[in-house]
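As a plain string of letters, each chain reads:
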Amino acid sequence: MTTPTIPISIDDPTNKRILAVSEDKAQGFQRDPIAFIAEHSGVDVPTVIERIRAMLEGGTIRRVRQTMMSTNLAPGALVAWQVPPDDLNAVFDYMHERDPFSGHMVIRSTDKQTPGSQYRLWSTLKVPHPYSMQKHCEFLQQQTGAIKFKLLPAKKLFALGVGHVRRKDLEPGSRTNEPGKMMDVHVVDLTEHEWIVLMAMKREFEPREISTNLWAARAEEAGVSLDEFLRMGEDFERRKIIGRFSTFLEHYKKLADGSTVTKYNALFHWAVPLGKEIEAGREVGRHHIMTHGYWREGGPDFNNVNIMGVAHGTDKDLVLAHKAAIDQHLEEIGIPVLYTAVFWGGRSEIKPSEISPIAYREWCNQMGLDEAKMRT
C-alpha cells in the first residue's frame, strides 16, 4: 500500500486555511505558535505540524522563524546601488553570499526612464551599533566596483506584513476603516546575554523542529531555562523588538507544482508636500495590498519622493490598478501627489538581515577588517 502524499500546494483548502494565519497573524511572541495557528485556522494541531513540515520540505514555504522588529534592533536602510550593467549579477551574488547584513536583494527596472532608474540593485541593510552603515557600504562598494550608493533610512513605518495568500483576491482600493498605524524607529540596547537568547529565538526552524514544544530546544541552546526563555520573549515583545511568528512563502521561484505565489514585486514611490508625510504614509498603509510602507527621503536622485511602499501580485495590470486606487484616494482626501514612480522587481533573493553586534565582529574577522575602524 502506498503512503498518501501530503499536499504542499498553496491552493489546497487546508493549506490555505493554515497559511492565512501562519503568514502574518501570529503577531508578537507566542508561547506555543503551533497551537495559535491551529486555533485560529480551525485545523487540528497534528495536521498543522504535518502540513507546515511538508510545505517547508517541499519548498512552498521557504522559511519558518520568529521575526524581529529589526528596525528597533539595529540601524537600517534601504540601499539603492548604481552598478555597471555588465556587473549587475556579480555584485548581486557578492552581496547576497558574502554579506549577512544585506538582506533582501532585488534587481529593479522601470517601464520608462525616470529619476533614479539608474539605480538597478536594491538591498535592505542592517548594521548593529556601534558600527557604521556608511562605512559598511563603502567597503561593499570597494569590493564590488559599484559606482554609487544611496542610503534611504526609514523615518517612520506604516505597514509591515506579507500575507500573500490573503491578499490574492483583493479588489483595488480595499482598505481599513481607519488610517494605518504609524510605527516609530528607535533602537533598543540589549545586553550580551539578551543577544544570545534573541539569536537562538530568531534562527530559522528545520522541518523536524516544527512541533508543539518549539522553544524548549532553543532555550537549551541559549543556556537558559524554558521559563526564563519564555519570560524574555514576552519582555522582548513589550520592548517592541519582536515581530511575529511566521511561515514565509517562496515569492517568485516556481514551486514543486509549477505555480508561483506572486509574480510582480512593485516598489512604489510618491512625493507628497512637506508636512504631509505622516498623513500620507498612514493613508497608503491602510490599503490591504501594501506589504511595506515607509517614510524615506529619496532626495534629488529620486525627484524628492518621501513615501515608499511595496506591493505584490500575479497580474501587472492589477498591481497598477491597486496603485491607481491609492493615488486617487490621496487626491480625494486632499493630499496632492506631486510625483510618483514604480520600480519593478526582477531577480531577487530574500533572507533576513543579520542584526547582532556579536555576528558583526565575527564577520569583520572573516573579511580581514579591523572592527574598530568600522565603528561610527
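Just so you know, these numbers come straight off a predicted model, no measurement behind them.

Glycine aside, residues mostly have negative phi angles, and peptide bonds mostly take the trans form. Of note, the bond from H129 into P130 is cis; its omega dihedral lies within 30 degrees of zero at 5°. Turning to its location among the elements, P130 is positioned in the loop between β5 (121–126) and α5 (133–144). Unusually for a residue other than glycine, K240 sits at a positive phi of about 65°. Counting through the fold element by element, K240 comes out in the loop between α9 (226–238) and β9 (242–249). On the accessibility criterion, K240 (54% relative accessible area) is exposed. Positive phi outside glycine occurs at N304, with the angle close to 60°. By secondary structure assignment, the location of N304 is in the loop between β11 (290–295) and β12 (307–313).

Relative orientation of the contacting elements helix α8 (residues 214–222) and α9 amounts to 100°, with a least axis distance of 9 Å. With respect to α9, the axis of α8 lies roughly perpendicular. Within the contact between the two elements, α8 uses W215, A216, R218 and A219 and α9 uses L226, F229 and L230. Broken down by class, the residue content of the contact of α8 with α9 amounts to six nonpolar, no polar and one charged.

With that settled, consider the pairing of strand β10 (residues 264–271). Burial runs high along β10: seven of the eight residues are buried. Bridge count for β10 against β12 is seven bridges, and the pairing is antiparallel. Paired with N265 across the strands is H312, a residue of β12. Pairing of β10 with strand β13 (residues 339–349) involves six bridges; the strand directions are antiparallel. Across the sheet, residue L267 finds its bridge partner in β13, namely F343.

On the basis of which strands lie adjacent, the open sheet formed by three strands has the order β1-β9-β2 and antiparallel pairing. In this open sheet, the two edge strands, each paired with only one partner strand, are β1 (26–27) and β2 (61–68). Set on the sheet, helix α1 (residues 13–22) makes contact with β1, β2 and β9; between it and β9 the angle comes to about 150°.

In terms of nonpolar packing, the biggest core is built from 45 residues, with I52, M201 and F236 touching the most fellow members. Mapped by element, the contributors of at least two residues to this core are α1, α2 (33–41), α3 (45–58), β2, α7 (192–202), α8, α9 and β9. If we ignore the near neighbours within four places in the chain, the residues touching M201 are F29, Q66, M68, W215, R218, F229, G233, F236 and I242. One finds L121, L125, Y131 and C364 within the second-largest nonpolar core, a separate group that totals 28 residues.

What follows covers the pattern of salt bridges. For the structure shown, the criterion picks out 20 salt bridges. Here R239 makes a salt bridge to E194, at a shortest N to O gap of 2.8 Å. One end of the pair, R239, is in the loop between α9 and β9; the other, E194, is in helix α7, with 45 residues separating them in the sequence. Owing to a relative accessible area of 24%, R239 belongs among the partly exposed residues under this scheme.

Here the focus is the packing of aromatic side chains. Within the structure shown, the criterion is met by 16 aromatic pairs. Residues F268 and W270 carry aromatic rings whose centres are separated by 5.6 Å and whose planes lie at 75° to one another, so their mutual orientation is edge-to-face. In this pair, the class of F268 matches that of W270, namely buried. Among the aromatic residues, those joined into a ring-pair cluster are F29, F205, W215, F229 and F245. Over the face of the ring belonging to F205 we find R218, whose NZ or CZ atom lies 4.0 Å from the ring centre. Between the NZ or CZ atom of R296 and the centre of the ring of Y294, over which it lies, the distance is 4.1 Å.

Conventions used here
- Residues numbered from 1 in each chain as written.
- Predicted model: local features only at pLDDT ≥ 70, side-chain atom pairs only at ≥ 80, totals over all residues.
- Heavy atoms only, no water.
- Helix = DSSP H or I, 4+ residues; strand = E, 2+ residues; numbered from the N terminus.
- Buried < 20%, exposed > 50% of the residue type's maximum accessible area, 1.4 Å probe, protein only.
- Axes fitted to C-alpha atoms, helices over the stretch in contact; angles between N-to-C directions.
- Parallel < 35°, antiparallel > 145°, perpendicular 65-115°, else oblique.
- Contact = heavy atoms within 4.5 Å.
- Nonpolar A, V, L, I, M, F, W, Y, C, P; charged D, E, K, R; others polar.
- Pairing = 2+ DSSP bridges.
- Core = buried A, V, L, I, M, F, W, Y, C linked by side-chain atoms within 4.5 Å.
- Salt bridge = Lys/Arg side-chain N within 4 Å of Asp/Glu carboxyl O.
- Phe/Tyr/Trp six-rings, centres within 6.5 Å; stacked < 30°, edge-to-face > 60°.
- Lys NZ or Arg CZ within 6 Å of the ring centre and 35° of its normal.

Keep in mind these values describe shape, not function.
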